[in-house]
Amino acid sequence: MLLFSALAFTTSQAQNKFNLLVGTYTNTCDSKGIYVYEFDAASGDFKLKNSTEKVVSPSYVSVSANNKFVYAVNENGTQSAVTALSYDAPTGKLKVLNTNSSLGADPCHLINDDKNVIVANYSGGSIAVFKKNADGSITEGQQLIQHEGKGPNAARQEKAHVHQVVFSPDKKFVLSNDLGQDKVFIYKYNAGASHEMLTLKGSVDVKKGSGPRHLTFSKDGKFVYLVQELDATLTTFSYDKSGSLKLLAETSILPKGFTGGTGAAAIKISPDGKFLYVTDRVDANNISVYQIQKDGKIKFVEQQSTLGKGPRDFTIDPTGNYLLVGHQYTNDIIIFKRDKITGKLTNTGKKIELCSPVGLVFTKI
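Under the annotation held in an unreviewed UniProt entry, the protein chain carries the name 6-phosphogluconolactonase and is attributed to Flavobacterium bizetiae.

Structural data, given as structure tokens:
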């Protein structure tokens, strides 16, 4: 009985430990690129395990389904690239396999499956698709889709700006937000194709000048929540399996009477699918919490400061106990305790100090 109890305790301890991968900007302060921390989801404690030797501005990272490879964009103007790395979760060791041109300036987001790595080039206004080799490395770009168009905000929407690529839950489609054109594009996805992995199905217009940035699917896949960077709109769509989006509702994440600068950033759903979280930057520097209703509608819960400047990305640990916010400009990751019943956040007083953290993802160890 004692042995069983000890084993059960050891197992529960192990199930509470995860790796936190953090992508950073390397051109603004002293950073080696990608950092790996062990995070204890029972206590909120953390420790640095490893980092890359030197990877240029890996601002967004994506982990393979088998937890053996990591793919990162290298956001570096016209010299931008995509890097494939081997990943040993127990030690947190990352080793560069290869790097290829991203085929467009300033890639800011990417996804991967068993066959492909798909990249959103922000300044390039394009989507690039790379095939995976057997060893986890990537080929040169095999498909490039160039977006053309602009929006009413002359400073930010002077051309197409692809900000994200997301698989539909069944992997039959890839959705892509274009901040420059105020559109969400829906592409049919043929993973096994050699060069035409993505073919355009259609697009949906959102409010002019709003600048769609990031979206996320509801747990049941029936709804999509989109945050628009330029005017802080939060849009709810219904989604059906034919790859169609239908606008249901719009709200603003700005506090009443707020007159400062806004720059809505990341949007994520809690592991249990019950709560939606959205960050806002520039002068706002806050996070909004919404409860997701059964009909897909959202109900405001609270809004509070992220306790730093430039909350570019955040992540929730797989148990749902903690929410971690990375601040691009105050060079830290603030650790919030999360109430699973109410969705509300409480500052733990714990933080990870790190140069310009801008992409956060948890993995199994």
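What follows continues from the structure just given.
Q: Explain the environment of Gly211 here, please?
A: Residue position: Gly211 is located in the loop between strand 15 (198-205) and strand 16 (212-217). The class for Gly211 is buried, based on a relative accessible area of 0%. Separated by 106 residues in sequence, Gly211 and Ala105 place their C-alpha atoms 19 Å apart. Setting aside residues no more than four positions away along its own chain, Gly211 makes contact with Gln157, Leu179, Asp182, Val227, Gln228, Glu229 and Leu230.

Q: Hey, could you run me through the nonpolar core in this one?
A: What tends to happen in soluble globular proteins is that the nonpolar side chains get buried as a cluster. Counting residues in hydrophobic clusters, the biggest one holds 17 residues, and the most contacted among them are Ile118, Ile127, Val165, Val174, Tyr189 and Leu198. Elements with a contribution of two residues or more to this core: strand 9 (116-121), strand 10 (126-132), strand 12 (162-167) and strand 14 (183-189). Dropping the residues within four chain positions of it, Leu198 is found in contact with Ile118, Ile127, Val129, Gln143, Ile145, Val174, Tyr187, Lys188 and Tyr189. Counting 15 residues, the second largest nonpolar core, distinct from the first, contains Val22, Tyr35, Ile333 and Leu354.

Q: So what exactly am I meant to see when it comes to the pattern of salt bridges here?
A: Two side chains that carry opposite charge are able to pair once their charged atoms sit near each other. Counted by the stated rule, this structure contains 12 salt bridges. As a salt-bridge pair, Glu75 and Arg312 come within 3.6 Å of each other at their nearest N and O atoms. With Glu75 in the loop between strand 5 (69-74) and strand 6 (81-88) and Arg312 in strand 24 (residues 311-316), this pair connects stretches of sequence that are 237 residues apart. Looking at Glu75, the relative accessible area reads 15%, which means it is buried. Each of Lys17, Glu38, Lys47 and Lys49 takes part in one network of salt bridges that share partners.

Q: Looking at this structure, how should I read the sheet that holds strand 24?
A: Ordered by their spatial adjacency, 4 strands build an open sheet running 24-25-26-27, and the pairing between neighbours is antiparallel. This sheet does not close on itself; its edge strands, each paired only once, are strand 24 and strand 27 (345-353). The average undirected angle you get between the axes of adjacent strands in this sheet is 25°. Of the strand pairs in this sheet, strand 25 (residues 322-327) and strand 26 (residues 332-338) are connected by 6 bridges, and their pairing is antiparallel. Counterpart to Leu324 in the pairing with strand 26 is Ile335.

Q: Any chance you could explain the environment of Gln157 here in plain terms?
A: The residue Gln157 is located in the loop between strand 11 (138-146) and strand 12 in this model. Taking the relative accessible area as the measure of exposure, Gln157 reaches 0% and is therefore buried. Taking the C-alpha atoms as reference, Gln157 lies 27 Å from Phe130; in sequence the two are 27 residues apart. Excluding residues that lie within four positions of it along the chain, Gln157 makes contacts with Lys150, Gly151, Pro152, Leu179, Gly180, Asp182, Gly209, Ser210, Gly211 and Leu230.

Q: Help me understand the packing of aromatic side chains, please; the structure alone is not making it clear to me.
A: The geometry of two aromatic rings is summed up by the distance between their centres and the angle between their planes. Within this structure, the stated rule accounts for 8 aromatic pairs. Ring geometry for Phe167 and Tyr189: centres 5.4 Å apart, planes at 50°, overall tilted. In this pair, Phe167 is assigned in strand 12 and Tyr189 in strand 14, connecting sequence segments 22 residues apart. The same class applies to Phe167 and to Tyr189, which are both buried. Plain terms: the ring middles of Phe217 and Tyr239 are 5.0 Å apart, the flat faces sit at 85° to each other, and that makes the pair edge-to-face. Pair noted here: Phe217 is in strand 16 and Tyr239 is in strand 18 (residues 233-240), with a separation of 22 residues, a long-range link. Classification of Phe217 by relative accessible area gives buried; the value is 12%. Here Lys171 stacks its cationic end above the ring of Phe167, 4.8 Å away from the centre of that ring.

Q: How should the pairing of strand 28 (residues 357-363) be read in this particular structure?
A: Two faces belong to every sheet, and in a regular strand the side chains alternate between them. By the criterion of burial, strand 28 is predominantly enclosed, with 7 of the 7 residues buried. In the sheet, strand 1 (residues 17-24) pairs with strand 28 via 6 bridges, with the strands oriented antiparallel. Looking across to strand 28, one finds that Thr24 is bridged to Pro357.

Q: Would you explain the pairing of strand 7 (residues 93-101) in this entry?
A: The pairing of strand 6 with strand 7 spans 8 bridges and is antiparallel. From the neighbouring strand, Tyr87 faces strand 7, where its bridge partner is Leu94. Once strand 6 ends, the chain turns through 4 residues before running back antiparallel as strand 7, passing Gly92 with a positive phi of about 75°.

Cut-offs applied
- Residues numbered from 1 in each chain as written.
- Predicted model: local features only at pLDDT ≥ 70, side-chain atom pairs only at ≥ 80, totals over all residues.
- Heavy atoms only, no water.
- Helix = DSSP H or I, 4+ residues; strand = E, 2+ residues; numbered from the N terminus.
- Buried < 20%, exposed > 50% of the residue type's maximum accessible area, 1.4 Å probe, protein only.
- Contact = heavy atoms within 4.5 Å.
- Core = buried A, V, L, I, M, F, W, Y, C linked by side-chain atoms within 4.5 Å.
- Salt bridge = Lys/Arg side-chain N within 4 Å of Asp/Glu carboxyl O.
- Pairing = 2+ DSSP bridges.
- Axes fitted to C-alpha atoms, helices over the stretch in contact; angles between N-to-C directions.
- Phe/Tyr/Trp six-rings, centres within 6.5 Å; stacked < 30°, edge-to-face > 60°.
- Lys NZ or Arg CZ within 6 Å of the ring centre and 35° of its normal.

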